Amino acid sequence: MKKLGLIGGIGPESTLLYYRKLVYGAQKRVGPHFFPNLAIESLNVFDIFRFCQRGDRDGLTAYLMAGIDNLIAAGSEVIALTGNTPHMVFDALQAQVQQKAKVSLVSIVEATRDAALSQNLARIGLFGTRFTMEADFFKAPFREKGMEVITPTAPEIDYIATKIADELEHGIVREETRTAFLMIANRMQSDHGIDALALGCTELPLLFDGIALPIKTLDTMDIHIEALLAASL
C-alpha cells in the first residue's frame, strides 16, 4: 500500500474521522492484521479562513504547500487535504506537486463530482463554508459535466457559515442547528428540486451523524476516503 499523507487540522474533528475511517477501511480491504502507514501534517483551519477572507490565494497556496512538502519529505505518496475550502487552490497545489515528486494529490471535489455522475444526479444542493458556497471552485467541475450546483440564499449562507466556524469546527453539535440546517435542505428541495445535498464541509457529518436525512446526501468526506483508498491500495 502506498503511504498516505493528510493535510489535517482543517479542521481537527474531521481529521479524526479521516484517520479512523482510512485506518479501518484499509484494514477491511487488506486483512485483520494490517494497518496503513500514514502521516498527518496538522495545520490551522482559522489560518485557512483568514487567507480566504483576504482573498490571498498565493498565501493560501504557499501555506498548504509547505505542509505538503513536509508530507512528501515523510515519504507520502498519496496526499489529500481534509477539507473542501482549501481546494480553491487545488490546481495550483497540484501543479507544484507534479514538479517536485511522483505523488498523487487526490481532490475531494473531483471525487464527489464523479460520485454524482455515477448516480446520474442533475441538480445538487451545496452546504459548506462561506468560501465553498460562494466561490466557483466546487461548482465548476460539476457544471463542466452538465450538472447544476445550487447554493442556499444569502441569509442561509450567513447562518450555515457561522455555525460551521463557531460550532462544528470546535466539535460542538447543537440540536437547534441541526433542525435549522434540515429546514434549509428541505426548502432547497422544495424550491429547486435538488436530487441530492452535497455535505461540502468535512465537519458536517458531525451534525448529521445517526440522522436519517429526508434527501440523498453526498458526504464529501466518505467519498474522498474511498478515492484515497482506491489510489493507495
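Preceding this paragraph is the structure being described.
Residues numbered from 1 in each chain as written. Predicted model: local features only at pLDDT ≥ 70, side-chain atom pairs only at ≥ 80, totals over all residues. Heavy atoms only, no water.

Chemist: Would you take a moment to explain unusual backbone geometry for this structure?
Modeler: Backbone phi values are negative for most residues with the exception of glycine, while trans is the configuration of most peptide bonds. Residue G11 is bonded to the preceding I10 through a cis peptide linkage, with omega at 10°. Within the secondary structure layout, G11 lies in the loop between β1 (4-8) and α1 (12-30). If you check the backbone angles, N120 has positive phi at about 55° while not being a glycine. Residue placement: N120 occurs in the loop between α5 (108-118) and β5 (123-127). Residue class for N120 comes out exposed when judged on its relative accessible area of 70%. (Helix = DSSP H or I, 4+ residues; strand = E, 2+ residues; numbered from the N terminus. Buried < 20%, exposed > 50% of the residue type's maximum accessible area, 1.4 Å probe, protein only.)

Chemist: It is not clear to me how the packing of aromatic side chains should be interpreted in this structure. Could you clarify?
Modeler: The description of an aromatic ring pair uses the distance of the two centres, along with the angle that the planes make with each other. Evaluation of the coordinates by the stated rule reveals seven aromatic pairs. Residues F46 and F49 carry aromatic rings whose centres are separated by 6.0 Å and whose planes lie at 85° to one another, so their mutual orientation is edge-to-face. With F46 and F49 both in helix α2 (residues 45-54) and three residues apart, the pair spans about one turn of that helix. Under the relative-accessibility criterion, F46 is labelled partly exposed at 29%. Judged by centre distance (5.2 Å) and plane angle (15°), the ring pair of F138 and F142 falls under stacked. An identical accessibility class is assigned to F138 and F142; each is buried. An aromatic cluster is present here, built from F46, F49 and F131 joined pairwise through their rings. (Phe/Tyr/Trp six-rings, centres within 6.5 Å; stacked < 30°, edge-to-face > 60°.)

Chemist: I'm lost on α2 in this one. Help?
Modeler: Note on helix geometry: an α-helix contains 3.6 residues per turn, so any two residues three or four positions apart are oriented the same way. Among all positions of α2, only V45, I48, F49, F51 and C52 are buried. An end-on view of α2 places all buried positions within 160° of arc, on one side of the element. Exposed and facing more than 90 degrees away from the buried side of α2 are Q53 and R54. In this structure, the buried residues of α2 make contact with α3 (57-73), α6 (130-134) and α8 (154-166). Put simply, N44 is the residue that caps the front of α2, since its side-chain oxygen is 2.9 Å from the backbone nitrogen of F46. Count one or two residues on from α2 and you reach G55, which has phi positive near 70°. (Arc of directions from axis to C-beta. Contact = heavy atoms within 4.5 Å. Polar contact = N/O pair within 3.5 Å; in protein donor to acceptor, adjacent residues only side chain to side chain.)

Chemist: How should I be thinking about the side chain of T15 in this particular structure?
Modeler: Its location among the elements puts T15 in helix α1. Judged by relative accessible area, T15 falls into the buried class, the value being 8%. A polar contact is formed between the side chain of T15 and the backbone nitrogen of G9, at a distance of 2.8 Å. For T15, the contacting residues outside a window of four places in its chain are G8, G9, I10, I40 and T82.

Chemist: Would you take a moment to explain a nonpolar patch on the surface for this structure?
Modeler: A cluster of nonpolar residues, M1, V30 and L233, forms a patch on the protein surface that exposes about 260 Å² of accessible area. Structurally, M1 is set in the segment before β1. (Patch = residues over 30% accessible without salt bridge, like charges linked within 9 Å, V, L, I, M, F, W, Y side chains within 5 Å. Areas by Shrake-Rupley, 256 points an atom, 1.4 Å probe, with all protein chains shown as cover. Salt bridge = Lys/Arg side-chain N within 4 Å of Asp/Glu carboxyl O.)

Chemist: What am I meant to see in the packing of α8 against helix α9 (residues 175-192) here?
Modeler: Helix-helix packing is characterised by the crossing angle of the two axes and by the distance between the axes. The N-to-C vectors of α8 and α9 enclose an angle of 145°; their axes lie 11 Å apart at closest approach. Like other packed secondary-structure pairs, α8 and α9 cross with a definite hand, here left-handed. Here α8 contributes E156, Y159, I160 and K163 to the contact with α9, which in turn contributes E176, T177, A180, F181, I184 and R187. Residue composition of the contact of α8 with α9, grouped by class: five nonpolar, one polar and four charged. (Axes fitted to C-alpha atoms, helices over the stretch in contact; angles between N-to-C directions. Left-handed = near helix turned anticlockwise from the far one by under 90°. Nonpolar A, V, L, I, M, F, W, Y, C, P; charged D, E, K, R; others polar.)

Chemist: Just to check I follow, could you spell out the state of the cysteines for this structure?
Modeler: Covalently bonding the sulfur atom of one cysteine to the sulfur atom of another cysteine gives a disulfide. Per the counting criterion, the structure on display carries zero disulfides. In this structure C52 is not part of a disulfide, and its nearest cysteine sulfur, from C201, lies 12 Å away. (Disulfide = S-S within 2.5 Å.)

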